[in-house]
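# Breakdown of the fold
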Amino acid sequence: GETANGAFPDTAVRIMSAIAENAELGIDYYSQFCFIRFWNYHTGVISPLEATLASAAKSAVEFSEDLDGNGVIDADEGALIFVVTKTGKAANLISKYRPTGLIVVVTDSEEVARGCNSWCGQYPYLVKSLDTDVHGNSMSKEQLISQAVVWGADKGFVVQGKKLVYVTGPATVAADEHALVAVDASLPSQTIFRHKSQMVDPGKLNYIKSLVTTKISKPLLAKPAVHIRSTKIICTM
């Protein structure tokens, strides 16, 4: 926005992106999930579909553990969600609860694929049809998911050790009306993995504090930071 105005907008955007990526290292995803769920459940009626899809986000959060204690969720310490959708509804409800890692949106709609840019954590996998393969033969849910996983491995999203959360419909392939959530750590045998990627915390800053609140006050902003980064990043939504 206004921050990128000036003589060097490309440099400003790169710095803004780096700040956002660095700030994400300090997110307590479990506390964030609980915060969203608590206030969401107290402000309206939750449909069975949303409750099921929220459990997919929660599974991804709980599977994401900093096992080596370096302050970063590495590629093999997290979880990846594959959701099959025709309208984007299922994927958007999962994004609402801010899971860790990517949400791979398997869809045959170009409109839904473009819309992934507007939602948290979504990355589109556009196919010609959710029901048939490239040769026009009928395709099962399992075959579609297997195809998506192989594509994810080629992109570098899927690595050995990463748990996969699958979201489809119980009777139909898409999860927009009714959802079925499954977790599987096994991967197709034909999958070819790239070298494992890692997010590196500069200086291995293990002391990271994340605070989620509905009230922002001057004392909260002015209070000195103790045992955490000397710079405070304030995000208001």
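The coordinates are above.
Residues numbered from 1 in each chain as written. Predicted model: local features only at pLDDT ≥ 70, side-chain atom pairs only at ≥ 80, totals over all residues. Heavy atoms only, no water.

## Describing the nonpolar core
Put simply, the rule is: Think of a nonpolar core as a cluster: buried Ala, Val, Leu, Ile, Met, Phe, Trp, Tyr and Cys residues, connected wherever their side-chain atoms sit within 4.5 Å. The buried label goes to any residue with under 20% of its type's maximum accessible area, the exposed label to any with over 50%, and the partly exposed label to all in between, with areas taken from a 1.4 Å probe on protein chains only. Secondary structure elements are defined from DSSP: runs of H or I of at least 4 residues count as helices, runs of E of at least 2 residues count as strands, and each element is numbered from the N terminus. Here, two residues are considered to be in contact whenever any of their heavy atoms come within 4.5 Å of each other.
Counting 24 residues, the largest nonpolar core has Leu53, Ile81, Val83, Ile94, Val105 and Val167 as the members making the most contacts within it. If you list the elements that add at least two residues to this core, you get helix H2 (29-41), helix H3 (48-63), strand S1 (79-84), helix H4 (89-96), strand S2 (103-107) and strand S4 (163-168). Sort the elements by how many residues they give to this core and H3 lands first, with six residues. Discounting chain neighbours no more than four positions away, the residues touching Val167 are Leu53, Ala56, Ile81, Phe82, Val83, Val84, Ile94, Ala175, Ala179, Leu180 and Val181. In this structure, Val84, Val104, Leu144 and Tyr166 belong to the second largest nonpolar core, which totals 20 residues.

## Some remarks on the pattern of salt bridges
Oppositely charged side chains can pair when the atoms bearing their charge come close. Let me state the cut-off plainly: In what follows, salt bridge is the name for a side-chain nitrogen of Lys or Arg lying within 4 Å of a carboxyl oxygen of Asp or Glu.
As enumerated under the stated definition, the model contains three salt bridges in all. The shortest N-O distance in the salt bridge between Lys96 and Glu50 comes to 2.8 Å. Of this pair, Lys96 sits in helix H4 while Glu50 sits in helix H3, and the two are 46 residues apart along the sequence. Glu62 serves as the salt-bridge partner of Lys58, at 2.5 Å between the closest nitrogen and oxygen. Taken together, the residues Lys58 and Glu62, both in helix H3 and four residues apart, mark about one turn of the helix.

Nothing here speaks to function; it is all geometry.
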